[in-house]
Amino acid sequence: MRTTFDALGSLLAGFDVPAADDDTASQRRSYRSIFISDLHLGTAGCQAGPLLEFLKAHPSDHLYLVGDIIDGWQLRKRWYWPQSHNDVVQKLLRRARKGCRVVYVPGNHDEFARQFAGHRFGGIEVAQEAVHVTATGQRLWVVHGDYFDGVVQCARWLAHVGDTLYEFTLRLNRHLNHLRGRLGLPYWSLSAYLKHKVKKALNYVTDFERAVAHEARRRGHQGVVCGHIHRAEMRDIEGVLYCNDGDWVESRTALVEHHDGRLELVHWEPAAPGRATGHPALVEAA
């Protein structure tokens, strides 16, 4: 049976697989830094196509992979690795080969990669955490965030149950949005709706955000970039800039740093019929 180490093997194998150079595409917008997380490669919910569009359209000097890049939890249950997921891996490796600094900070779903912290694979740095200094000198602590999740740390069995329920919700959501698409209606997230309706879920998110921000301040950083909870957000928490870059399962969001040091959350709109590529839009404040 395949293991999560095979997923890492697939990532490394991608380094030697030749692929067409797509970085000469026109109408690209360069950023100084890009932060993405929660891709969940290895699951049907991963929006690999839009992610590739986004990466092709936006070169950067720095690229931070902020955890849950490969979903080892789901790969243990069922092997799912289509060509589009290989394409994402090849794109990341090609990015590193062309001079972009790519830093991979594993999360709880790809915790198998944490044992490789301090090593490089195909030019990609693996680290338990990182510190990014913006063009304006702002120090941002980069961490996935699962260490601040009491469910993950104290009741892993409950976290796995929740993950199974989340996958079920995503499958139901895909069928629902397929029907909505046929009716000409826009994409709608069932799981996001449920999270916003459940008071305990909102309290959990608030507690998580504060805990991460407080730890960043304790460590002497001006801000923090994390993922884990699949909720894109950028706001001040008691003098600390809290940034969550969202996910590439539902929200298709990323945190970007412009060359002048300005930080911004963007949402990627996939290519519409008749248009060659997608386009970014600002994420509205939650």
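Residues numbered from 1 in each chain as written. Predicted model: local features only at pLDDT ≥ 70, side-chain atom pairs only at ≥ 80, totals over all residues. Heavy atoms only, no water.

## Some points on the packing of helix H2 (residues 48-57) against helix H4 (residues 83-97)
Working step 1: Following both chains from N to C, one finds H2 and H4 inclined at 20°, their axes separated by 9 Å at the closest point. Our classification of the angle between H2 and H4 gives roughly parallel. Pair H2 / H4 crosses with left-handed handedness. Counting all contacts with H2, which are made through Ala48, Leu51, Leu52, Leu55 and Lys56, the residues of H4 involved are Ser84, His85, Asp87, Val88, Lys91, Leu92 and Arg95. (Axes fitted to C-alpha atoms, helices over the stretch in contact; angles between N-to-C directions. Helix = DSSP H or I, 4+ residues; strand = E, 2+ residues; numbered from the N terminus. Parallel < 35°, antiparallel > 145°, perpendicular 65-115°, else oblique. Left-handed = near helix turned anticlockwise from the far one by under 90°. Contact = heavy atoms within 4.5 Å.)

## Focus: the side chain of serine 33
Working step 1: Of note, serine 33 is situated in strand E1 (residues 31-36).
Working step 2: Note on serine 33: relative accessible area 0%, which makes it buried.
Working step 3: Setting aside anything within four residues of it in sequence, one finds serine 33 in contact with Ser60, His62, His132, Leu255, Val256 and Glu257. (Buried < 20%, exposed > 50% of the residue type's maximum accessible area, 1.4 Å probe, protein only.)

## Structural notes on unusual backbone geometry
Working step 1: For histidine 230, which is not a glycine, the phi torsion comes out positive at approximately 60°.
Working step 2: Tracing the backbone shows histidine 230 in the loop between strand E8 (223-226) and strand E9 (233-237).
Working step 3: Its relative accessible area of 14% is what places histidine 230 among the buried residues.
Working step 4: One non-glycine residue, glutamate 238, adopts positive backbone phi at about 50°.

## Quick notes on H4
Working step 1: The terminal C-alpha atoms of H4 lie 21 Å apart, and with 15 residues this matches the ideal 21 Å at 1.5 Å per residue to within 8%.
Working step 2: When we look at burial in H4, the residues that qualify are His85, Val88, Val89, Gln90, Lys91, Leu92, Leu93, Arg94, Arg95 and Ala96.
Working step 3: Positive phi appears at glycine 99, one or two residues downstream of H4, with a value of about 110°. (Expected span 1.5 Å × (residues − 1).)

## Points about a nonpolar patch on the surface
Working step 1: Together, Leu179, Leu183 and Leu185 give the surface a local cluster of nonpolar side chains, amounting to about 300 Å² of exposed area.
Working step 2: On the secondary structure map, leucine 179 appears in helix H6 (residues 156-182).
Working step 3: For leucine 179, a relative accessible area of 49% gives the class partly exposed. (Patch = residues over 30% accessible without salt bridge, like charges linked within 9 Å, V, L, I, M, F, W, Y side chains within 5 Å. Areas by Shrake-Rupley, 256 points an atom, 1.4 Å probe, with all protein chains shown as cover. Salt bridge = Lys/Arg side-chain N within 4 Å of Asp/Glu carboxyl O.)

## Details of the nonpolar core
A general feature of soluble globular proteins is that nonpolar side chains tend to end up buried together.
Working step 1: Of all hydrophobic cores here, the largest spans 36 residues; its most connected members are Ile34, Ile36, Leu41, Phe54, Leu63 and Leu65.
Working step 2: Those elements giving two or more residues to this core turn out to be E1, H2, strand E2 (60-65), H4, strand E3 (101-104), strand E5 (124-126), strand E11 (253-257) and strand E12 (263-269).
Working step 3: Among the elements that take part in this core, H2 stands out by supplying 6 residues, more than any other.
Working step 4: Not counting residues within four places of it along the chain, the set of residues in contact with leucine 63 comprises Ile34, Ile36, Leu92, Arg95, Cys100, Arg101, Val102 and Val103.
Working step 5: One finds Phe35, Tyr64, Ala127 and Val225 within the second-largest nonpolar core, a separate group that totals 16 residues. (Core = buried A, V, L, I, M, F, W, Y, C linked by side-chain atoms within 4.5 Å.)

## Side note on the environment of arginine 29
Working step 1: Looking at the element boundaries, arginine 29 is found in the loop between helix H1 (4-13) and E1.
Working step 2: Other than its neighbours up to four places away in sequence, arginine 29 contacts Ala57, His58, Pro59 and His258.

## Notes on the sheet that holds E8
Working step 1: The strand order across the open sheet formed by 5 strands is E6-E7-E8-E10-E9, and the pairing between neighbours is mixed. The two strands at the open ends of the sheet, each matched to only one other strand, are strand E6 (130-133) and E9. Neighbour-to-neighbour, the strand axes of the sheet open up by a mean angle of 20°, direction not taken into account.
Working step 2: In the sheet, E6 pairs with strand E7 (residues 139-142) via 4 bridges, with the strands oriented antiparallel. Bridge pairing in E7 places valine 133 opposite arginine 139. (Pairing = 2+ DSSP bridges.)

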